[in-house]
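# Remarks on the overall topology
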Amino acid sequence: MSEHFDVLIVGAGLSGIGAAWHLSKQCPDKSFAILEGRDTIGGTWDLFRYPGIRSDSDMYTLGYNFKPWTEPKVIADGDRIRNYIQEVARDGGMQQKVRFGHKVAAADWDSETAKWTLTVQKKSGETVQLTCNWLMMCSGYYNYEEGFTPEFKGRDDFKGQVIHPQFWPENLDYSGKRVVVIGSGATAITLIPSMTDKAQHVTMLQRTPSYVISVPQFDPMVRFLLKFLPDMTVYNISRARNNFITQMIFKLSRKYPNAVRKFLLKQVKMQVGPNFDMKHFTPPYNPWDQRLCAVPNGDLFKVLKKGKASVVTDQIDRFVDKGILLKSGQTLEADIIITATGLNLRLFGGMQMSVDGKPVEMNKHISYKGLMFSDLPNFSNTLGYTNASWTLKADLIAEYVCRLIKHMDKTGTRIATARRDPNVQPAPLLDMTSGYVARAEATLPKGADRAPWKLYQNYAMDKEQLHNGKLEDGVMTFSKPHKVARPSTAAEPVRRYGS
């Protein structure tokens, strides 16, 4: 007989541990477990181990709304973020709820019993089935098993090492080596200043520049306020302030792109100096068409100015034995090539889904309030912001799911389903031109042109609809199953919604 839970959470990273904390506090009578395919807590922040790995958002907004970030660095190193997540899991008793080495291969919803049945593959090779009333996906949005690397001609001709940052070799020695980092996103911008301490030289090779902005790694306002106010009060003030600033930059970028472009380029020019060719930091697109990259304390600009690193904007013709031949005819000599070329977007960890035995095609469903999907019952997915800190949305989603569960208990219902309005016009889910979004767009669920189907990417609007909005909004329907599930055995009690 399969083991049953009120809620199953998939993923023990930043989102999953946060969801478990909210669930344990707001719905303390509900049984739940966290299924984690890997062997540790931390998700992204445990998987990525490349030099300098750090947040690209400030920790006052990337941190949970219930757990203040008290360390001095605002832009935190990866190991400190991992410790923060693990501390929350330990203090909240979530460690005992995690089932490591449990990868969810499939999930099937049964309308007659109002249950999800999950097929789970254990590391031992054993396959088990678990059931639940509500399924919370907190598995992130990219493929943990492979990063994105384009096909490069002549790759086998290169005599050095080729490394993707997602799978950084332990104890890699790059002392005195010539390193070329392919890419211009957050990973490349993090790696380059972090490797110049040992490498002979580091070159960032980019096809298209990104917008970058220097941000302070320490916050003097916080240091001052902590002398007079409690940690949580200071944390909430800083969280609100930083979220406001981030949202204002995004809104201004969309409304006045030319003005924001000039501002961003000017602050780079001031740091790299008058002799630097600004074509390397002048993208052909508008600000926030792709994610804005943060440079803590201007560390990238400092190593460029000192000559420890350089930027080349060109296209790759092929790999050669000594490095990379560019379309311009120039050869970049390298001992190590790092392909910081992005991620492969994959929802739900690649899990196969079905409803009453019928396979689910996610590209035919529309996102509801950014967390559920049309006609998919008792199922939520945590997808954070692309224009702000992930956890701002993750906290709201977890709290909303808890509201739904409590509402079902109160009304004696077992099923919550967002019924699709046939008049709603589908739209792309993510309004970004980033490569990882474009590559996966055909497989993604859709957004729409109106509430509650529109994905706002706006914390204030999401807080209003998720935290304060009506649960029974004319779209979300609450119902009971057609047939009551069989009673549980005495040895295996089952808690059900409405019981």
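All values derive from a computational prediction rather than experimental measurement. (Residues numbered from 1 in each chain as written. Predicted model: local features only at pLDDT ≥ 70, side-chain atom pairs only at ≥ 80, totals over all residues. Heavy atoms only, no water.)

With that settled, consider helix α5 (residues 186–195). Among the 10 residues of α5, eight are classified as buried, and the element is accordingly described as predominantly covered. All buried positions along α5 are accounted for by Ala-188, Ile-189, Thr-190, Leu-191, Ile-192, Pro-193, Ser-194 and Met-195. (Buried < 20%, exposed > 50% of the residue type's maximum accessible area, 1.4 Å probe, protein only. Helix = DSSP H or I, 4+ residues; strand = E, 2+ residues; numbered from the N terminus.)

Another aspect to go through is the sheet that holds strand β15 (residues 323–326). Spatial ordering of the open sheet is given by β14-β15-β16, a layout of three strands whose pairing is antiparallel. Two strands close off the open sheet at either side, each with one partner strand: β14 (316–320) and β16 (331–333). Adjacent strand axes in the sheet meet at a mean angle of 20 degrees when their direction is disregarded. Examined bridge by bridge, β15 and β16 share three bridges and lie antiparallel to one another. Pairing of Leu-325 across the sheet is with Thr-331, part of β16. (Pairing = 2+ DSSP bridges. Axes fitted to C-alpha atoms, helices over the stretch in contact; angles between N-to-C directions.)

Counting 105 residues, the largest nonpolar core has Ile-9 and Ile-17 as the members making the most contacts within it. By residue number, the principal contributor to this core is helix α10 (residues 390–411), which donates 12 residues. Filtering out sequence-adjacent residues up to four positions away, Ile-17 remains in contact with Gly-11, Ala-12, Ile-34, Ile-41, Tyr-64, Ile-85, Val-88, Ala-89 and Met-94. Val-120, Met-362, Phe-373 and Leu-376 belong to the second largest nonpolar core, which has 30 residues in total. (Core = buried A, V, L, I, M, F, W, Y, C linked by side-chain atoms within 4.5 Å. Contact = heavy atoms within 4.5 Å.)

Take the environment of Ile-182 next. Structurally, the position occupied by Ile-182 is in strand β9 (residues 178–182). Residues Ile-182 and Asn-133, spaced 49 residues apart in sequence, show a C-alpha to C-alpha distance of 45 Å. Beyond its immediate sequence surroundings of up to four residues, Ile-182 is in contact with Phe-152, Leu-205, Ile-316, Phe-319, Ile-324, Ile-337, Ile-338, Thr-339, Ala-340 and Thr-341.

Looking now at the sheet that holds strand β17 (residues 336–339). Pairing within the open sheet is parallel, and its five strands lie in the order β8-β17-β9-β10-β13. Looking at which strands have only one partner, the edges of the open sheet turn out to be β8 (161–163) and β13 (309–313). For this sheet the average axis-to-axis angle between neighbouring strands, irrespective of direction, equals 20 degrees. Relative to β13, strand β10 (residues 201–206) runs parallel, the two sharing five bridges. Each bridged residue has a counterpart across the sheet, and for Gln-206 the counterpart in β13 is Thr-313.

With that settled, the discussion passes to the packing of aromatic side chains. A complete count under the given rule lists 19 aromatic pairs for this structure. Geometrically, the ring pair formed by Phe-224 and Phe-228 is edge-to-face, given 5.1 Å between the ring centres and 65 degrees between the ring planes. A relative accessible area of 58% means that Phe-228 is categorised as exposed. Aromatic side chains Phe-281 and Phe-301 sit 5.8 Å apart centroid to centroid with 75 degrees between the ring planes, which places their arrangement in the edge-to-face category. Of the two residues, Phe-281 sits in the loop between α8 (257–272) and β12 (293–296) while Phe-301 sits in helix α9 (residues 299–306), which places them 20 residues apart along the sequence. As far as the burial class goes, Phe-281 and Phe-301 line up, both buried. Put simply, the rings of Trp-21, Tyr-64, Phe-66, Trp-69 and Tyr-84 pair up and form one aromatic cluster. Of note, Lys-97 hangs over the ring of Phe-32, and the distance from its end group to the ring centre comes to 4.9 Å. Over the ring of Tyr-174 we find Lys-198; its NZ or CZ atom is 5.7 Å from the centre of that ring. (Phe/Tyr/Trp six-rings, centres within 6.5 Å; stacked < 30°, edge-to-face > 60°. Lys NZ or Arg CZ within 6 Å of the ring centre and 35° of its normal.)

This part takes up the pattern of salt bridges. Within this structure, the stated rule accounts for 25 salt bridges. Between Arg-291 and Asp-56 there is a salt bridge, with the nearest N and O atoms lying 3.1 Å from each other. Taken together, the residues span a long stretch of sequence, with Arg-291 in the loop between α8 and β12 and Asp-56 in the loop between α2 (44–47) and α3 (59–62) at a distance of 235 residues. Of the residues examined, Arg-291 reaches a relative accessible area of 23% and is grouped as partly exposed. (Salt bridge = Lys/Arg side-chain N within 4 Å of Asp/Glu carboxyl O.)

Another aspect to go through is the confidence of the model for the protein chain. In the predicted model, the protein chain carries a mean pLDDT of 89, and the fraction of residues at 70 or more is 94%. In the model of the protein chain, helix α11 (residues 435–440) stands out as the element of lowest mean pLDDT, 65, in contrast to strand β2 (residues 32–36), which has the highest, 97. When the criterion is pLDDT under 50, residues 484–499 qualifies, and its contacts beyond four places in sequence or with other chains add up to 39 contacts. (pLDDT = per-residue confidence, 0-100.)

What follows concerns the pairing of β15. Here four bridges tie β14 to β15, and the two strands are oriented antiparallel to one another. Counterpart to Val-320 in the pairing with β15 is Gly-323. The turn joining β14 and β15, which pair antiparallel and follow one another in sequence, is formed by two residues. Linking β15 back to β16 in an antiparallel pair, the connection comprises four residues, with Gly-329 at a positive phi of about 100 degrees.

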